[in-house]
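Letter by letter, the chains look like this.
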Amino acid sequence: MAAGDTVYVFIGNGNGTFAGPATYPVAFTGTNNPILGFTVGDFNGDGNPDLAVGGKPGLAVLPGTGTGSFGAPIYSTISGAGFQTAVAGDFNNDGKIDLAASGVLYLGKGDGTFTQSTAFLAGVAGFLTSADFNSDGVPDLATAGSGLTSSSPVATVYLTAAAANLAPSPPSFEQVPAGQSSPPQTVTLTNLGIVALSDLSVSTTGEFSQTSTCALSLNPSSQCQTEVTFAPAAAGPQSGALVVSDNALPNPQVVALSGTGTGPGIGLSPASLNFNVQEVGTPSAPQTLMVSNPGTAALTVSSIAASANYGATNTCTTAPVEAGSSCTVTVTFTPTASGVLNGNITITSDANNQAGSAQTVPLTGTGSVVALSLSPTSLDLGSVIVGAASAAQTVTLTNTGTAALGITTIAASGDFTATNTCGTSVAVGGKCTITVTFKPSAGGSRTGALTLTDSAPGSPQTVTLDGAGEDFTLGAASGASTTASVSPGQPATYTLSLTGLGGITLPISFACTGAPAESSCSVSPASVTPGASAASVTVTVATTAPSIVVPPASGGRDLRRMKSDTTRSAGGLMSRAPSNGVGLLVKASRRARLASGHQNFPLVPSASS
């Protein structure tokens, strides 16, 4: 206990009684300055509990010996009203026991003396205690009693923390020519807290740099300095930040930095151009690159060049670009090969006070090839009877390129027809089918083409079409006549030649019709199967001898008149044959289908004199 200027220590007997007190006088400076309060802690770091006593003002530590006695007081020079209640603890986390009393923090030096720190709440009177209220490993403080903001009893908890302050905030930077550096501006970091700033680091962003005297930690009430320099690489307004990271809240502490680089500047928008997929050899739609001058002086653009596969025109090289103005570059992509083709636009100017300064804008595009394959590339539809349709055959179209294939038309010529599943476009890697049929309109070899008009190089593409029409021809044999003069009753014989077309192998049957009255006709053989060479066919017209016919009872014709008629016609009784002679009808049959051909020959028999 303490009374007046004396500390009384009672040593326990271990049975609830105490030995007579040992007294330790404490002499604070000034008159009428009694001891107001005390607390216990190892303030000199020797492992023994010590006594800290305070007056008004005054602070002294009686170092414990560990045997129940205490040494002579060790005094610390402090200001303020002293304390009545106090608690001990390592409030700044430096391994040395501190004192908190009456709203003031006294930081221990580890030798039994203290320095007075920033008040955590100056003027607070009342009860005081300490505990780790937020579980961060650092002791906090709580007080109860009348506070500064209220005369009513209050309880307040003070969490121990570091507090950082940066000044000035922000520092001032004048205009600096692009490519040069400003004089350094000093920013001071002060630890306003009751614990040390730790894990301290300092950095800058943007076109600002720094050098700092700040170490990894900064004790309470201490300061360190950081010099910040502005070195704009480009003309125009620039921004950045000074960033201080530590254990203070909020973390990090950020000071906004700004400055202006003077001289001609350059800005490019967008930062890159992407042309996506473009067919090889064809120009893309143009894209626009904006060149702006954010600087403080006119910008002179000396040249603008595009790399291979790209082209550029511009409005920038004709006159200087004034500060705050802009010009445009129009870029196109004409790929010369398939695949990804990267390039760039290079703009040479006096930007940022640097003659010949070059800025580039990346360009990218993909060249695509429109290509197709046809399989097969020719079709033989075989031999088909004239007028009949063949079995269908197909051609497969495949898009082998790297771009969609546009289809304009697909058509077949000659005796061939085509349908398809291709539509107007075939996707990359896609396939479609073209179906072809053959219906010969004449006998013999027939040719045509399947023609595709599309977007691929070399359009139109063709597929050769072949087929044969199965048919035959019938005509007079070589050297044979189609007219004959015979006496009445004598036959007229004609030799015809039948030739097969298109490899026809069907049997051809013959019939003879149209013989005049008093005559008949026959064909030998009755059928022929065409072969590699022509086949002979003999047609015989048989006539009857003249005779006397009894005239009818009335209206008859006498023999003389009849003879006269037959003589006049030079054909005997066969003069009644039609003027177009004997008609020969030839038919060919195949399975259920019937194909026929008709040959009409003027087989005209006449009477001999």
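This structure is a prediction, so every number in the text was calculated from the model and none was measured.

Draft legend 1. How the structure looks around the nonpolar core. Core analysis: the largest hydrophobic core is formed by 46 residues, its most contacted members being Leu397, Leu405, Ile434, Val436 and Leu450. Residues within four places of Leu450 in sequence aside, it is in contact with Val395, Ile410, Ala411, Ala412, Ala418, Ile434, Val436, Gln461, Thr462, Val463 and Leu465. One finds Val138, Val176, Cys214 and Val255 within the second-largest nonpolar core, a separate group that totals 22 residues.

Draft legend 2. Region of the structure containing the sheet that holds strand S21 (residues 236-245). Strand order across the open sheet formed by four strands is S16-S22-S21-S18, with mixed pairing between neighbours. Here the strands that pair on one side only, and so sit at the sheet edges, are strand S16 (176-177) and strand S18 (201-205). Here S18 runs beside S21; their pairing, made up of five bridges, is antiparallel. Each bridged residue has a counterpart across the sheet, and for Val202 the counterpart in S21 is Val244.

Draft legend 3. Structural view of the state of the cysteines. Using the criterion set out here, one finds four disulfides in the structure. The partner cysteine of Cys214 in its disulfide is Cys224, sulfur to sulfur 1.8 Å. Measuring the twist about the S-S bond at about 90°, one finds the Cys214-Cys224 disulfide to be right-handed. One end of the pair, Cys214, is in the loop between strand S19 (208-212) and strand S20 (223-230); the other, Cys224, is in strand S20, and 10 residues separate them in sequence. According to the relative accessible area criterion, Cys214 is buried, its value standing at 16%. Accessibility expressed as a relative area gives 3% for Cys224, which makes it buried. Disulfide partner of Cys422: Cys432, at an S-S distance of 1.9 Å.

Draft legend 4. Structural detail: the sheet that holds strand S11 (residues 114-116). Pairing is antiparallel across the open sheet formed by four strands, whose spatial order is S8-S9-S10-S11. Edge positions in the sheet fall to strand S8 (86-89) and S11, since each has one partner strand and no second. When strand polarity is set aside, the average angle formed by the axes of neighbouring strands in this sheet is 25°. In the sheet, strand S9 (residues 98-101) pairs with strand S10 (residues 104-108) via three bridges, with the strands oriented antiparallel. Bridging from a neighbouring strand, Ala101 pairs with Val104 of S10.

Draft legend 5. Broad picture of the side chain of Ser368. For Ser368, the position within the fold is in strand S30 (residues 357-368). For Ser368, the residues in contact, after removing those within four places along its chain, are Val277, Gln278, Glu279, Val280, Ser338, Thr402 and Ala403.

Draft legend 6. Region of the structure containing the packing of aromatic side chains. Tallying each qualifying case throughout the model produces 10 aromatic pairs. Plain terms: the ring middles of Phe208 and Phe230 are 4.8 Å apart, the flat faces sit at 20° to each other, and that makes the pair stacked. Within this pair, whereas Phe208 is found in strand S19, its partner Phe230 is found in strand S20, the two being separated by 22 residues in sequence. What makes Phe230 buried here is its relative accessible area of 0%.

Draft legend 7. Structural context of the pattern of salt bridges. Under the defined criterion, the tally for this structure stands at one salt bridge. With a shortest N-O distance of 2.8 Å, Asp415 and Arg446 are connected by a salt bridge. Placement of Asp415 in the loop between strand S34 (405-412) and strand S35 (416-420) and of Arg446 in strand S38 (residues 444-454) is noted, with a sequence separation of 31 residues between them. Classification of Asp415 as buried rests on a relative accessible area of 15%. The exposure class assigned to Arg446 is partly exposed, which follows from its relative accessible area of 24%.

Draft legend 8. Quick peek at the environment of Gly469. Locating Gly469 in the fold gives a position in strand S39 (residues 461-476). With 27 residues separating them along the chain, Gly469 and Ala442 place their C-alpha atoms 5.7 Å apart.

Cut-offs and rules
- Residues numbered from 1 in each chain as written.
- Predicted model: local features only at pLDDT ≥ 70, side-chain atom pairs only at ≥ 80, totals over all residues.
- Heavy atoms only, no water.
- Core = buried A, V, L, I, M, F, W, Y, C linked by side-chain atoms within 4.5 Å.
- Buried < 20%, exposed > 50% of the residue type's maximum accessible area, 1.4 Å probe, protein only.
- Contact = heavy atoms within 4.5 Å.
- Pairing = 2+ DSSP bridges.
- Helix = DSSP H or I, 4+ residues; strand = E, 2+ residues; numbered from the N terminus.
- Disulfide = S-S within 2.5 Å.
- Axes fitted to C-alpha atoms, helices over the stretch in contact; angles between N-to-C directions.
- Phe/Tyr/Trp six-rings, centres within 6.5 Å; stacked < 30°, edge-to-face > 60°.
- Salt bridge = Lys/Arg side-chain N within 4 Å of Asp/Glu carboxyl O.

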